[in-house]
Amino acid sequence: MDLGGVTVRLMWLGQGHTKGDELIFVEPDGTLISGDIVQNKVVPGIFRDGGTPSSWLGVLDKLTKLNVNHVLPDHSAVGDGSLIAAERAFIEDLRTRARALKGQGVSAQEAGVQLSAEFKMKYADWPNMNVGGFVQRIYDER
């Protein structure tokens, strides 16, 4: 979309928070309006029958190929392009730990409680660390 010398891309890169997550990228200044896909220190959440942890990671992988300088999330503070890598690292970290617990026979509910406590320490500067819902999605995926 050309807005009089400013090019804006409206993008759907896959499912994450929902099946229809749309992103807006303002090319001249590298600004990504990320919706719920990229947040600043907010635990991701999949809404109803939205995406999966893997599909969310796929969207983030596609975003890393853009030249993002600024991220304007829906529910958290504005940040720079490093928020994309931070979101990806958090999801991958959580997925790795949840899969390990699942492999040990730990229930999804117990894993959610355990990982909420573990990640509250590991990501101490995040205001809320209730990862139970996302852990359940990780368990459901495999």
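These notes cover the structure that comes with them. (Residues numbered from 1 in each chain as written. Predicted model: local features only at pLDDT ≥ 70, side-chain atom pairs only at ≥ 80, totals over all residues. Heavy atoms only, no water.)

### A few points about the overall build of the chain
Okay, so step 1: The helix and strand inventory of the chain stands at four helices and five strands.
Okay, so step 2: For the chain, the succession of helices and strands along the chain, N to C, is β-β-β-α-β-β-α-α-α.
Okay, so step 3: Across its three principal directions, the C-alpha atoms of the chain cover 55 × 30 × 20 Å.
Okay, so step 4: The buried share of the chain, taken over its 142 residues, is 44%.
Okay, so step 5: Accessible surface, the chain as shown: approximately 7400 Å² in total, 53% of it carbon and sulfur. (Helix = DSSP H or I, 4+ residues; strand = E, 2+ residues; numbered from the N terminus. Buried < 20%, exposed > 50% of the residue type's maximum accessible area, 1.4 Å probe, protein only. Areas by Shrake-Rupley, 256 points an atom, 1.4 Å probe, with all protein chains shown as cover.)

### Some words on the packing of helix α1 (residues 53-63) against helix α2 (residues 82-103)
Okay, so step 1: Taken N-terminus to C-terminus, the directions of α1 and α2 make an angle of 155°; their axes are 10 Å apart at the nearest point. Taken together, the axes of α1 and α2 are roughly antiparallel relative to one another. Helix-helix and strand crossings are classified by hand; for α1 and α2 the assignment is left-handed. Packed against α1, whose contacting residues are Pro53, Ser54, Trp56, Leu57, Leu60, Asp61 and Leu63, the element α2 presents Ile84, Glu87, Arg88, Ile91, Glu92, Arg95 and Arg99 at the interface. (Axes fitted to C-alpha atoms, helices over the stretch in contact; angles between N-to-C directions. Parallel < 35°, antiparallel > 145°, perpendicular 65-115°, else oblique. Left-handed = near helix turned anticlockwise from the far one by under 90°. Contact = heavy atoms within 4.5 Å.)

### Notes on the nonpolar core
Okay, so step 1: If you look at the biggest cluster of nonpolar residues, it comprises 36 residues, and the most contacted ones within it are Leu32, Val38, Leu60, Leu63, Phe90 and Leu94.
Okay, so step 2: Listed by contribution, the elements that provide at least two residues to this core are β2 (23-26), α1, α2, α3 (108-122) and α4 (132-141).
Okay, so step 3: When near neighbours in sequence (up to four residues on either side) are disregarded, Leu32 contacts Met11, Leu23, Ile24, Phe25, Val38, Leu63, Val68, His70, Val71, Leu72 and Ile84. (Core = buried A, V, L, I, M, F, W, Y, C linked by side-chain atoms within 4.5 Å.)

### Observations concerning the packing of aromatic side chains
Okay, so step 1: This model, assessed by the stated rule, comprises six aromatic pairs.
Okay, so step 2: A centroid spacing of 4.4 Å and a plane angle of 20° characterise the contact between Phe90 and Trp126, whose relative ring orientation is stacked. One end of the pair, Phe90, is in helix α2; the other, Trp126, is in the loop between α3 and α4, with 36 residues separating them in the sequence. For the pair Phe90 and Trp126, one class covers both residues: buried.
Okay, so step 3: Taken together, a centroid distance of 5.3 Å and an interplanar angle of 25° make the contact between Phe119 and Tyr123 stacked. Like Tyr123, Phe119 is buried.
Okay, so step 4: Clustering of aromatic rings is evident, with ring pairs tying together Phe90, Phe119, Tyr123 and Trp126. (Phe/Tyr/Trp six-rings, centres within 6.5 Å; stacked < 30°, edge-to-face > 60°.)

### Focus: the pairing of strand β4 (residues 70-73)
Okay, so step 1: Here β4 shows a clear split, with Val71 and Pro73 buried on one side and none of His70 and Leu72 buried on the other.
Okay, so step 2: Here strand β3 (residues 31-35) pairs with β4 via four bridges, running parallel. For Leu32, the partnering residue across the bridge sits in β4 and is Val71.
Okay, so step 3: Taken together, β3, α1 and β4 constitute a β-α-β crossover, and its handedness is right-handed.
Okay, so step 4: In the sheet, β4 pairs with strand β5 (residues 79-80) via two bridges, with the strands oriented antiparallel. Its bridge partner lying in β5, Val71 is registered against Gly79.
Okay, so step 5: Two successive antiparallel strands, β4 and β5, enclose a turn made up of five residues. (Pairing = 2+ DSSP bridges. Right-handed = clockwise from strand over helix to strand, strands pointing away.)

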